[in-house]
Amino acid sequence: MPERSGPGFRRRVGPPSRRARVALLTLGVLAVLFLLFVMFAGFWTDWLWFRSVRYSSVFTTQLWTKIGLFAVFGLLMAVIVGFNVWLAHRLRPPLSAMSVEQQSLDRYRSGLAPFKRWALLGISLVIGLVAGAAASGQWRTWLLWTNATPFGTKDPQFGKDVSFYAFDLPFYEFLLGFAFSAVIVSLLTSTLVHYLYGGLRLQGPGRRASTGAQGHLAVLLGVFVLLKAVAYWLDRYALAVKTGSYKGVSGWTGLRYVDANAFLPAKTILFFVAVICAVLFFLTPVRRTWAPALIGLGLMVLSAVLIGGVYPAIVQQFQVKPNEQAKETPYIQKNIDATREAYGIADSEVVQYEPANGTSADALKPDAQTISDIRLLDPNVVGPTFQQNEALRKYYAFPKSLDVDRYGDQDTVLGVRELDLNGIQRNWINDHFNYTHGYGVIAAKGNQVDANGNPVYTESALPTKGAFGDYQQRIYYGEKTTTYSIVGGGYQDIDYTAENGTPVHFSYDGDSGVGLGNPLTRAAYAVKFAEPQILYSSAIRDGAKIIYDRTPKERVEKVAPWLSIDADPYPVVENGRVVWVLDGYTTSDGYPFSSKTTLGDVTKDSLTNQRGELLTAANQVNYIRNSVKATVDAYTGEVTLYQWDENDPVLKTWMKAFPGTVKAKGDIPAELKPHLRYPQDMFKVQRDLLAEYHMTDAGGFFNGTDIWQVPTDPTTNTNEVQPPYYLTVRMPDAKEASFSLTTTFSPQGRDNLAAFMSVSADPGPDYGKIRIAKIPTGAGALGPKQVQAKFNSDPLVANQLTLLKTGTDSDIEYGNLLTLPVGGGLLNVEPVYLIGRSAKVPVLKKVLATYGNENAVVAVEDNLEKALAKVLGGAAPGAPVTPTAPGTTPTNPTNPTTPANPGTPTTPTTPVPGATVSPELQKAIADAVKANNDSQTAFKNGDWVAWGQAQKALNDALKAVEAAEQKAGITPAPAPTGTAPATPPATGAASPAPSSGP
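Nothing here was measured: the structure is a model prediction, and the numbers come from that model.

**Points about the overall build of the protein chain**
When you go through the protein chain residue by residue, the secondary structure sums to 27 helices and 36 strands. The proportion of buried residues among the 998 residues of the protein chain is 52%. For the protein chain, the proportion of contacts with a sequence separation of at least 24, taken over those separated by at least 6, is 69%.

In structure tokens:
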């Protein structure tokens, strides 16, 4: 009968046809296969990448460790939970008392009966998968525990090696957490099964719990309480790494008086109470009553409140507070000592430095190199200048913040000419085939500009020419290179465009990248990058490779996932290659008594957004070492890790876990070593700690009378702190100037200068040596904010800068405000750049300088030498000079009516007639004449380093002459003219122009 339809009839919908069922099944299978292939593609491409960079052992070690943890702990959790569910079902009572409750449950029991075995397996499997996934995330904890290396340092409270807290305790806490989870899940599932099958009842006559259910649950609760006893015992040791807030230190770590004298005994007592309580639970199946166990549990809870909470509060209130300093001093001292050791600041040297308001030629002589290397070219300002002058093609770009290095004795500002795809017509072929790399490194002298205020380039043009000689200039891996490229296989990408507009082509022949000859590999990368053209494009030829993960930081982070990588890689041209140098840090949060710090907070400064990402955004650590120097070849992408700190136990532990991945320190190429430097992020962490932990006396620390702070950057409109600067500087207690990383401190809540800090950045014997010049209270030394305010409020400065802006319709940007301890005082120098409102290209136009305190003169000049001449005055040897007021002539302090002049040093004498000239005197005179000639030559050439060396040699020779004269009875002759000036030359935009001729 035909189906009727219409009003009053419903259309009967039958089951889907066979064809529809097949179609749905096919779609489902395809969807599952696609998801499986997506998972496979991620795994396969990762394996190929690690193999291409020759770090496949890192991939396999991580993989097998994760698989092993997943399998072992997942299976263990599944077995524990499954066994307890099975046992709960096995212990069910044979007959259930009839009640409304049991009648309701009987329907569920009947429905579940055919599927009991599958339900057991399913529940166990799901719980096991969750537990295994959580356990696999603990691969670092496992590797650290199994490869632990002793620190050789014991904690002052328990006498255990630091490795126990750094490597062992975290793993024990993981095991304890896993055991707690297993017991809790077993307790919940077992309770549910007992209730479902009548072992536990809420209604009806008789006992609420069967004998089997009572015994089973009592044992589980006993195990739980026993685990709590273990937790109390471990908590004793955890007090050594407990973090809180104390004396203004938010990450204060370690025991205090109340911890050692109240919490520690309380944890020990609670351990024994918990053990007794666990035993009572274990006896419950025998005694068949809950009363003793529940009473014991109540007493344990009460003990935890009274002994673990009330008693420590009483100790704090009635023992510590009345005499807090005496009680806390020993524990504060432990924290100070541990923190200084853990952050590598224990050997920092503090010297008193009372800056003078005037200086002399003799006082300036030791600082000749410091002054000669004053950096006029701010690497954080002149990026647009490099872009304007040296990008040369619209598809090249320089980073906003350039880098600082040294080549020979020359402070050098460097920028890598990287690819900028925003300068081309965007399409898939252009983005990934035609434009694949940058070209060359541009370098300029850090302490000089030309007559127009532009950088003095030592390496420039396209291809670059200059001081670096011949080297591989193609930059396939760089900070701005974030897209993948397909190279090689004979494909000719665009090397660069010649001057006549003709593209010069190049086919990549490096050994990096993953080959795309396998269709499966191409399909995997098509999925990975969501680009189907990778699968079928004819542009991909035989031998083609895909290169990706091209920024130096992400490459090193991927091959060394146990390192924290400094946020500022820098380029080095060495041995015919461009390599990126990165600093790697090993860290721990398990150093007892050492205060914790958040890396993301303390490494942030006014240039963070300009330079890039933070070191590690949220990690709290209380131990850090710059253990690894890493390099990434800009052409091949090859990653090399070198051991730098040979004593770091954390690095040794990771080297055991990943053998063969880190090369020995002795393998660092000789050409690379001079370019290694102390890392900025490490220095920022240390300076943040030293703001308080320069105080090594617990009493002074407790009173907090000498807390410092890193001043805010006065040259920006942000409230972020001033960044550290790489400078060549001689600290007051050092004999020679060295390439250093420097910073200043102000007293907490004030703007004056409290200290000047530097760390030797040269990879020599003094590498990492921290020196602090502490300014006495009341010395009147100006902090950066005060110096900037002094510049801004000076009428002459305001007039000059206003004229610059109004005359050229431009804006003013201040460069790095440098504070330098020279000549027994403090010299502050700041370059001023003029930036056109349309071109946005900074050009150095003025140099600001001041020397001394708030009454010191301010100079605003066209170049550095004029500014120094004004603020330093005509310093005569041995006579301090007070800086002159604007518009006046420097005077000689010994005779105020006489203008000061550079002066002449004592010169070699002539012998008295008839006197015998000894060989010692002849040699001394010859040395003095040579040193004098060298000094004049250096002065004319503006070579400060040579001038300082010659002046030292001249002084030594004159002393030798004087000693030989006294021995021979010779009287001095008048000094001849033509000796070298005693005031050092200044380097800057123009040639040296002394006020009086030599």
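**Considerations on the packing of helix α2 (residues 56-90) against helix α4 (residues 116-136)**
The packing of two helices is summarised by the inter-axis angle and the distance between the axes. Running from amino to carboxyl end, α2 crosses α4 at an angle of 145 degrees, the nearest separation of the two axes being 7 Å. Seen from above, α2 lies across α4 with right-handed handedness. For the pair α2 and α4, the contacting residues are Lys 66, Leu 69, Phe 70, Phe 73, Gly 74, Met 77, Ala 78, Val 81, Gly 82, Val 85, Trp 86 and His 89 in the first and Lys 116, Leu 120, Ser 124, Ile 127, Gly 128, Leu 129, Ala 131, Gly 132, Ala 133, Ala 135 and Ser 136 in the second. Taken together, the residues of the contact of α2 with α4 break down into 14 nonpolar, seven polar and two charged.

**Considerations on the sheet that holds strand β17 (residues 544-547)**
Taken in spatial order, the three strands line up as β13-β17-β16 in an open sheet, and their pairing is antiparallel. Each of the sheet's edge strands pairs with one partner strand only, and the pair in question is β13 (485-488) and β16 (514-515).

**As for the sheet that holds strand β6 (residues 410-416)**
Across the sheet, which stays open at both edges, the five strands sit in the order β5-β6-β9-β10-β11 with antiparallel pairing between neighbours. Strands with a single pairing partner mark the edges of an open sheet, and in this sheet they are β5 (403-407) and β11 (465-466). Sheet analysis places β5 next to β6, joined by five bridges and oriented antiparallel. Among the inter-strand pairings, Asp 405 is bridged to a residue of β6, identified as Thr 412. Across the sheet, helix α13 (residues 383-390) lies against β6, β9 (441-449) and β10 (455-460), angled at about 55 degrees from β10, the strand it touches most.

**Some thoughts on the confidence of the model for the protein chain**
Residues of the protein chain with pLDDT of at least 70 account for 86%, and the chain-wide mean is 86. Ranking the elements of the protein chain by mean pLDDT puts strand β36 (residues 895-899) last, at 35, and strand β24 (residues 639-643) first, at 98. Segment residues 971-998: pLDDT under 50, and 80 contacts once partners within four positions in sequence are set aside and those in other chains are kept.

**As for the nonpolar core**
Ranked by size, the top nonpolar core spans 152 residues in total, and within it Ile 486, Trp 562 and Leu 641 carry the most contacts. When neighbours within four sequence positions are excluded, Leu 641 is seen to be in contact with Tyr 55, Val 556, Ala 560, Val 628, Lys 629, Ala 630, Thr 661, Val 662 and Lys 663.

**Comments concerning the packing of helix α8 (residues 257-287) against helix α10 (residues 324-342)**
Interaxial distance between α8 and α10 falls to 8 Å at its minimum, and their mutual angle equals 95 degrees. When the interaxial angle is binned, α8 and α10 end up roughly perpendicular. Where α8 abuts α10, its residues Tyr 257, Ala 260 and Asn 261 lie against Lys 327, Glu 328 and Tyr 331. Of the residues in the contact of α8 with α10, the class split is three nonpolar, one polar and two charged.

**A closer look at unusual backbone geometry**
Excluding glycine, residues mostly carry a negative phi; peptide bonds, for their part, are mostly trans. Omega for the bond connecting Leu 462 with Pro 463 falls within 30 degrees of zero, at -10 degrees, which places this linkage in the cis form. Mapped onto the elements of the fold, Pro 463 is located in the loop between β10 and β11. Positive phi is not limited to glycine here, since Lys 247 has a value of about 55 degrees. With respect to the element layout, Lys 247 can be found in the loop between β1 (243-246) and β2 (249-253). Of note in this structure, Ala 461 is not a glycine but carries a positive phi near 80 degrees. For Ala 461, the position within the fold is in the loop between β10 and β11.

**A look at the side chain of Asp 161**
Along the chain, Asp 161 turns up in the loop between α5 (139-146) and α6 (162-196). The side chain of Asp 161 is buried and forms no salt bridge, while Lys 154, the nearest opposite charge, is found at 5.4 Å. Of note is the side chain of Asp 161, whose polar atom sits 2.8 Å from the side chain of Ser 163. Residues within four places of Asp 161 in sequence aside, it is in contact with Pro 150, Phe 151, Gly 152, Thr 153 and Lys 154.

**Digging into the pattern of salt bridges**
This model, assessed by the stated rule, comprises 27 salt bridges. In this structure, Asp 766 engages Arg 771 in a salt bridge whose closest nitrogen and oxygen atoms are separated by 3.9 Å. Among the residues examined, Arg 771 registers a relative accessible area of 14% and is labelled buried. If you follow the salt bridges from partner to partner, you end up with Asp 46, Asp 549 and Lys 558 in one network.

**Some thoughts on a nonpolar patch on the surface**
Residues Leu 24, Leu 25, Leu 27, Val 29, Leu 30, Val 32, Leu 33, Leu 36 and Met 39 make up a contiguous nonpolar surface patch of roughly 930 Å² in combined accessible area. Secondary-structure assignment places Leu 24 in helix α1 (residues 18-52).

**Examining the environment of Asp 811**
Its location among the elements puts Asp 811 in strand β30 (residues 810-814). Sequence separation of Asp 811 and Pro 842 is 31 residues, and the distance between their C-alpha atoms is 9.2 Å. Beyond its immediate chain neighbours, meaning those up to four positions away, Asp 811 contacts Tyr 833, Leu 834, Ile 835 and Arg 837.

**Describing the environment of His 505**
Mapped onto the fold, His 505 is located in strand β15 (residues 503-506). For His 505, a relative accessible area of 42% translates into the label partly exposed. Once the C-alpha coordinates of His 505 and Tyr 491 are considered, the two residues, 14 residues apart in sequence, prove to be 9.2 Å apart. With sequence-adjacent residues up to four places away left out, His 505 is seen in contact with Gln 492, Asp 493, Ile 494 and Asp 495.

**Examining the packing of aromatic side chains**
One pass over the structure, following the stated rule, counts 51 aromatic pairs. Measuring from ring centre to ring centre gives 4.5 Å for Tyr 476 and Tyr 508, while their planes differ by 55 degrees; the resulting arrangement is tilted. On the criterion of sequence distance, the pair formed by Tyr 476 in the loop between β12 (474-475) and β13 and Tyr 508 in the loop between β15 and β16 is long-range, its members being 32 residues apart. Owing to a relative accessible area of 0%, Tyr 476 belongs among the buried residues under this scheme. On the basis of an interplanar angle of 55 degrees and a centroid distance of 5.5 Å, the ring pair of Tyr 678 and Tyr 767 is categorised as tilted. Taken together, the positions of Tyr 678 in the loop between α20 (649-657) and α21 (680-693) and Tyr 767 in the loop between β28 (755-760) and β29 (770-774) put the pair 89 residues apart, joining distant regions of the chain. Exposure remark for Tyr 678: the relative accessible area of 5% places this residue in the buried category. By way of ring pairs, the aromatic residues Phe 73, Trp 142, Trp 145, Phe 171, Phe 174 and Phe 178 are connected into one cluster. Positioned above the aromatic ring of Tyr 237, the side-chain terminus of Arg 236 is 5.4 Å from the ring centre. Just above the ring of Tyr 246 sits the side chain of Arg 256; from NZ or CZ to the centre is 4.0 Å.

Procedures and definitions
Sequence order as written defines residue numbering, which begins from 1 separately in each chain. Local features in this predicted model are restricted to residues whose pLDDT is 70 or higher, and side-chain atom pairs enter the listing and the counts only when it is 80 or higher, whereas totals over whole chains, interfaces and linings include all residues. As a rule here, side-chain values come from all non-hydrogen atoms in the structure, and water together with hydrogens is ignored. Only runs of H or I of at least four residues qualify as helices and only runs of E of at least two qualify as strands under DSSP, and these elements are numbered from the N terminus. Relative accessibility thresholds used throughout: buried, under 20% of the residue-type maximum; exposed, over 50%; partly exposed, between the two (1.4 Å probe, protein chains only). Every residue pair with non-hydrogen atoms within 4.5 Å of one another is taken to be in contact. Note on method: axes are straight lines fitted to C-alpha atoms, helices fitted across the in-contact stretch only, with angles between N-to-C directions ranging 0 to 180 degrees. Each helix crossing is assigned a hand: it is left-handed if the near helix lies turned anticlockwise from the far helix by less than a right angle, otherwise right-handed if that turn is clockwise. Side-chain classes are defined by residue name, with Ala, Val, Leu, Ile, Met, Phe, Trp, Tyr, Cys and Pro counting as nonpolar, Asp, Glu, Lys and Arg as charged, and the others, Gly among them, as polar. Two strands qualify as a pair provided DSSP detects at least 2 bridges between them. pLDDT runs from 0 to 100 and stands for how confident the predictor is about each residue. Only buried residues count toward a nonpolar core. Its members are Ala, Val, Leu, Ile, Met, Phe, Trp, Tyr and Cys residues joined through side-chain atoms within 4.5 Å. Here is the rule for angles: anything less than 35 degrees is roughly parallel, anything more than 145 is roughly antiparallel, 65 through 115 is roughly perpendicular, and the remaining ranges are oblique. When charges are counted, neither His nor the chain ends are considered; positive counts come from Lys and Arg and negative counts from Asp and Glu. A pair is scored as a salt bridge if a Lys or Arg side-chain nitrogen falls within 4 Å of a carboxyl oxygen belonging to Asp or Glu. Within 3.5 Å is the distance limit for a polar contact, defined as a pair of N or O atoms, with the added protein rule that one can donate a hydrogen and the other accept it, and that residues adjacent in sequence qualify only through two side-chain atoms. For patches, a residue must show more than 30% relative accessible area and have no salt bridge; joins then use 9 Å for like charges and 5 Å for nonpolar side chains, namely Val, Leu, Ile, Met, Phe, Trp and Tyr. Here the Shrake-Rupley method, with its probe set to 1.4 Å, supplies the accessible areas, and only the displayed protein chains count as covering residues. Pairs were defined over the aromatic rings of Phe, Tyr and Trp, the Trp ring being its six-membered one, requiring ring centres within 6.5 Å. Orientation was assigned from the angle between planes: stacked under 30 degrees, edge-to-face over 60, tilted for the rest. Either the NZ atom of lysine or the CZ atom of arginine qualifies as a charge over a ring when it sits within 6 Å of the ring centre and within 35 degrees of the ring normal.

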